[in-house]
Amino acid sequence: RVTRHYKFNIKSQSVTRLCKTKSIITVNGQFPGPRIIAREGDRLVIKVVNHVQNNVTLHWHGIRQLRSGWADGPSYITQCPIQTGQSYVYNFTIIGQRGTLWWHAHISWLRATLYGPIVILPKKHVPYPFPQPFKEVPIIFGEWWKADTETVINQGLQTGSGPNVSDAYTINGLPGPLYNCSAKDTYKLKVKPGKTYLLRLINAALNNELFFSIANHTFTVVEADAVYVKPFNTKVVLITPGQTTNVILRTKSKSPNATFVMAARPYVSGPAAFDNSTTTGLLEYETSVSSKHNKNKNKKKLPLLTPVLPKLNDTSFSMNYNKKIRSLANPKFPSANVPKTVDKNFFFTVGLGLTSCSKNQNCPGPNNTRVAAAINNVSFVQPNTALLQAHFFNKSKGVYTTDFPANPLIKFNYTGTPPSNIALSSGTKVVVLPFNTRVELVLQDTSIIGAESHPLHLHGFNFFVVGFGFGNFDPKNDPKKYNLVDPAERNTVGVPSGGWVALRFLADNPGVWFMHCHLEVHTSWGLKMAWVVTDGKRRNQKLPPPPSDLPKC
Ligand code: C2O
C-alpha cells in the first residue's frame, strides 16, 4: 500500500474572466484546483492549511470513507470548519474504488472556486475493462460569477429569493468564446488522429445539470461515479452536479488541421430561472508532419462544426440516457451486490416551495424566509457543532434529534398542481440506522417551484438505482419492476422532475452521513438531512476516535 501526501494551501488568487478580475479562494493558487492521483488501495494524506479569512472544509466527493468519516468534510456534519491560520490533515484509504471522483469545498458556496479532480487508477497490473487509452484527460464543468459568490448566496438567503444566476459555465475553468470578453479563455484539447482518449468528465457546476457533446464525435460511456458500467455509445452525455462520467473518445483516423467544437449547456426540466448559455471548448487535431511541411499550401480554413445538444427541457432524453447506465455485473466486477431484501423502507419527498407562513416571520426557510426546501417536509437546520462529534461522544442533546420522519409529514399526491405548503417544520433531525441495515429509499420529487430534477447525493455509500419513473411512486406495483440484476451503482442520482427514484444500500459504514441536493441553492434552502449509522459489534465495524487535529467549533 502506498501513502500519497498532498499539501493544500487555501489562499486567495486574482483571476480574470469575462473581463473582470476578482480575488477567488483557491488551493495553492490554482484554478481549477490541483489533481489528486492515486491507485485503488492507496492511503491519501492531505494537509489543508487555511490562509484565508473564510472558514473552510474540503470534501472528497464519492470516496466511501469506510470507517474514516472524520475525513469526509461536510461542514458541521463530520467536522467543524478549519479556521484562519489553522490546518487539518484529511487521512483516508481508497477501498474498493477506482475511477474518477472529485474534491470540493463543503461550506457555504466556496466550492464555486475550490474544486479539482480525483483520479483513482486500478491497482498495479490490473487493466481497465476497456482498451487502455492513449491519453486520459480530466474535463471539469463549472460556473463562474463575476461577483463574489459568498455575497451572491448571502443575498439569496437573506431575501429568500433566488440568488443571481452565474455569468458563465466553464470547461476546466474557461468560459469559451460564446461569452463576451472570453475568446482567449477557451479550453483546447489537442489530439492525435486515430487514438483513444479517456475523458474524465466531472460536473462541478453549482446549480445546473449539463448536456455535453463534441461535434461529429461519439462517446462510449464506460464509467459513472467511479463504477464501471456496461459500455454504450452516445453523442451526448448528461451529467448532474456531483456526478462523474468516464467516456472513451476515438479520434478520427484522418483529420489533419480539423477543429471541432465541444459544448455544454444546461438541462432544465421546468421553467425555472436559469442561465441557458453555452460554454464551448475546442477539440484540435494535431497537424501531421507532412501537412506541417506544406503549411502554407495546404492550410484551408475549415468551418468549425458545432455539436447539436438536446433541447433545454428534453426530459425523455434524460430518462433514456439514465436507463442505459447499468453496472457491469460480471464475475470480475460483481458490483451489483444489491440488497435483494430490505430491512427498512423510507419514502422521502424532496422539493421546494413557498410555505404558507405570513411574511417571512417564523417561516421554516433559512433566516425565517418563506422559500424553503425540504425532505419529508423538514427543512434542515445546520447545527453549530459537528454532528459526528456529537454522535461519537454521546452528546447529541441540543445538537440533533433522531426523529427524522420515514414518510412525509404531509401526505403527498402528485397531481401536477403544486401543493401550497411543503416545508412544515424545520430542525436538525437525523435517521439512526443500526449497522448493516439494508435500506430502501424512494425519493419522490414534489415539483413545486421550477420543476427541476434534484441531484441527490449520499455521503459514505454507493447506492443502487433499482427503479425510477414519472408521477407518484406506487408501492404495490413499482417494486415488482425493480432491476436487482445490474442497476447503476452511484453516489449522486437525479430525482426526475415530477417523478421518483428507488435506491438500495447497505448501511455498513459507521458514522454520520450527509444526504443533500447537489444544486447548491437547494442545499442552502434546507434540502438536506443526515443518517447516523451505528457501530457494529466487531472491532473492524467501529468508527475509530477522531484525529487529534480535528478542528473545534
Ligand atoms: Cu459533492 Cu456533500 O457533496
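Here the structure is a predicted model, which means the values were calculated and not measured. (Residues numbered from 1 in each chain as written. Predicted model: local features only at pLDDT ≥ 70, side-chain atom pairs only at ≥ 80, totals over all residues.)

**Comments concerning the overall build of the protein**
Part 1 of the argument: Along the backbone of the protein there are six helices and 32 strands.
Part 2 of the argument: Here the C-alpha radius of gyration of the protein, 23 Å, is about what a compact globule of 553 residues would show, namely 24 Å.
Part 3 of the argument: Every one of the 553 residues in the protein was classed for burial, and the buried ones make up 49%.
Part 4 of the argument: Considering only contacts in the protein between residues 6 or more positions apart, those separated by 24 or more positions represent 78%. (Helix = DSSP H or I, 4+ residues; strand = E, 2+ residues; numbered from the N terminus. Rg over C-alpha atoms; globule rule 2.2 N^0.38 Å. Buried ≥ 20, exposed ≤ 12 C-beta atoms within 10 Å, placed from the backbone. Contact = placed C-beta atoms within 7 Å.)

**Considerations on the UniProt feature "domain: Plastocyanin-like" (unreviewed entry) in the protein**
Part 1 of the argument: UniProt annotation of "domain: Plastocyanin-like" (unreviewed entry) refers to residues 10-124, 136-287 and 405-536 when read in the numbering used here.
Part 2 of the argument: In this annotation, residues 10-124 is assigned 0% helix and 46% strand; the end-to-end C-alpha distance for the span is 32 Å. (UniProt positions renumbered as here; feature names shortened; annotations may be inferred.)

**Considerations on the sheet that holds strand S26 (residues 454-458)**
Part 1 of the argument: Strand order in the open sheet formed by five strands is S24-S32-S31-S26-S29, and the pairing between neighbours is mixed. Among the strands making up the open sheet, the edge pair consists of strand S24 (430-433) and strand S29 (492-495). Taken over all neighbouring pairs, the strand axes of this sheet differ in orientation by 20 degrees on average, direction set aside.
Part 2 of the argument: Relative to strand S31 (residues 511-517), S26 runs antiparallel, the two sharing three bridges. Looking across to S31, one finds that Leu458 is bridged to Met515. (Pairing = 2+ DSSP bridges. Axes fitted to C-alpha atoms, helices over the stretch in contact; angles between N-to-C directions.)

**A look at the domain arrangement of the protein**
Part 1 of the argument: When cut into domains, the protein gives domain 1 (1-128), domain 2 (130-327) and domain 3 (344-541).
Part 2 of the argument: For the side of domain 1 that touches domain 2, the secondary-structure elements that each account for two or more residues are strand S2 (20-27), strand S7 (99-105) and strand S8 (115-121).
Part 3 of the argument: Top contributing element to the side of domain 1 that touches domain 2 by residue count: S7, with five residues.
Part 4 of the argument: When its residues are assigned to classes, the side of domain 1 that touches domain 2 shows 14 nonpolar, seven polar and five charged. (Domains from an automatic or database assignment. Nonpolar A, V, L, I, M, F, W, Y, C, P; charged D, E, K, R; others polar.)

**Considerations on helix H4 (residues 315-323)**
Part 1 of the argument: Those residues of H4 that fall on the buried side of the exposure criterion are Thr315, Ser318 and Tyr321. All buried residues of H4 lie within an arc of 125 degrees about the axis, which places them on one face of the element. Turned more than 90 degrees away from the buried face of H4, the exposed residues are Ser316, Asn320 and Lys323.
Part 2 of the argument: Considering only its buried residues, H4 is in contact with strand S15 (227-234), strand S16 (236-239) and strand S18 (259-267). (Arc of directions from axis to C-beta.)

**Overview of the environment of Glu143**
Part 1 of the argument: Residue placement: Glu143 occurs in strand S9 (residues 135-144).
Part 2 of the argument: Taking the C-beta count within 10 Å as the criterion, Glu143 has 24 such neighbours and is therefore assigned buried.
Part 3 of the argument: Taking the C-alpha atoms as reference, Glu143 lies 14 Å from Gly33; in sequence the two are 110 residues apart.
Part 4 of the argument: Excluding residues that lie within four positions of it along the chain, Glu143 makes contacts with Ala112, Ser166, Tyr169, Thr170, Ala205, Leu206 and Asn207.

**Focus: the environment of Tyr285**
Part 1 of the argument: Considering the arrangement of structural elements, one finds Tyr285 in strand S19 (residues 279-285).
Part 2 of the argument: Looking at Tyr285, the number of C-beta atoms within 10 Å reads 18, which means it is partly exposed.

**Some details on the pairing of strand S6 (residues 87-93)**
Part 1 of the argument: Side chains Tyr88, Tyr90 and Phe92 of S6 all project onto a buried face; the interleaved residues Ser87, Val89, Asn91 and Thr93 project onto a face where none is buried.
Part 2 of the argument: With seven bridges connecting them, strand S4 (residues 43-50) and S6 associate as antiparallel partners. By the bridge assignment for S6, Arg43 is matched with Thr93.

**Quick notes on the sheet that holds strand S13 (residues 209-214)**
Part 1 of the argument: Taken together, five strands build an open sheet; the order of strands is S11-S19-S18-S13-S16 and the sheet is mixed. The open sheet terminates on both sides in strands that have one partner only, identified here as strand S11 (188-191) and S16. If you compare each strand with its neighbour and ignore which way they point, the axes differ by 20 degrees on average.
Part 2 of the argument: The sheet contact formed by S13 and S18 spans six bridges and is antiparallel. From the neighbouring strand, Ser213 faces S18, where its bridge partner is Ala263.

**Here we look at unusual backbone geometry**
Part 1 of the argument: Note that the residue after Phe31, namely Pro32, is joined by a cis bond; omega there is -15 degrees.
Part 2 of the argument: Topologically, Pro32 is positioned in the loop between S2 and strand S3 (36-39).
Part 3 of the argument: With a phi angle near 55 degrees, Asn28 is a residue other than glycine that sits in the positive phi range.
Part 4 of the argument: When you line up the elements, Asn28 lands in the loop between S2 and S3.
Part 5 of the argument: Taking the number of C-beta atoms within 10 Å as the measure of exposure, Asn28 has 15 and is therefore partly exposed.
Part 6 of the argument: Not every positive phi belongs to a glycine, and Asn216 is a case in point at roughly 65 degrees.
Part 7 of the argument: Relative to the assigned elements, Asn216 resides in the loop between S13 and strand S14 (219-224).

**Notes on the environment of Glu40**
Part 1 of the argument: As for its placement among the helices and strands, Glu40 is situated in the loop between S3 and S4.
Part 2 of the argument: With 18 C-beta atoms packed within 10 Å, Glu40 lands in the partly exposed category.

**Some points on the confidence of the model for the protein**
In regions of low pLDDT, the predicted coordinates are not meant to be interpreted in detail.
Part 1 of the argument: Per-residue confidence for the protein gives a mean pLDDT of 92; residues scoring 70 or more make up 93%.
Part 2 of the argument: What the predictor reports for the complex is a pTM of 0.96 with an ipTM of 0.99. (pLDDT = per-residue confidence, 0-100.)

**Focus on the pairing of S13**
The side chains of a regular strand alternate between the sheet's two faces.
Part 1 of the argument: With respect to burial, S13 is a largely interior element, six of its six residues being buried.
Part 2 of the argument: Because side chains alternate across S13, one face comprises the buried residues Glu209, Phe211 and Ser213, and the other comprises Leu210, Phe212 and Ile214, equally buried.

**Things to note about helix H1 (residues 149-159)**
Part 1 of the argument: Turning to H1, its buried residues number three or more, namely Thr149, Val152, Ile153 and Gly156. End-on view of H1: buried residues confined to an arc of 90 degrees, all on one side of the axis.
Part 2 of the argument: Next to the buried residues of H1 lie helix H6 (520-524).

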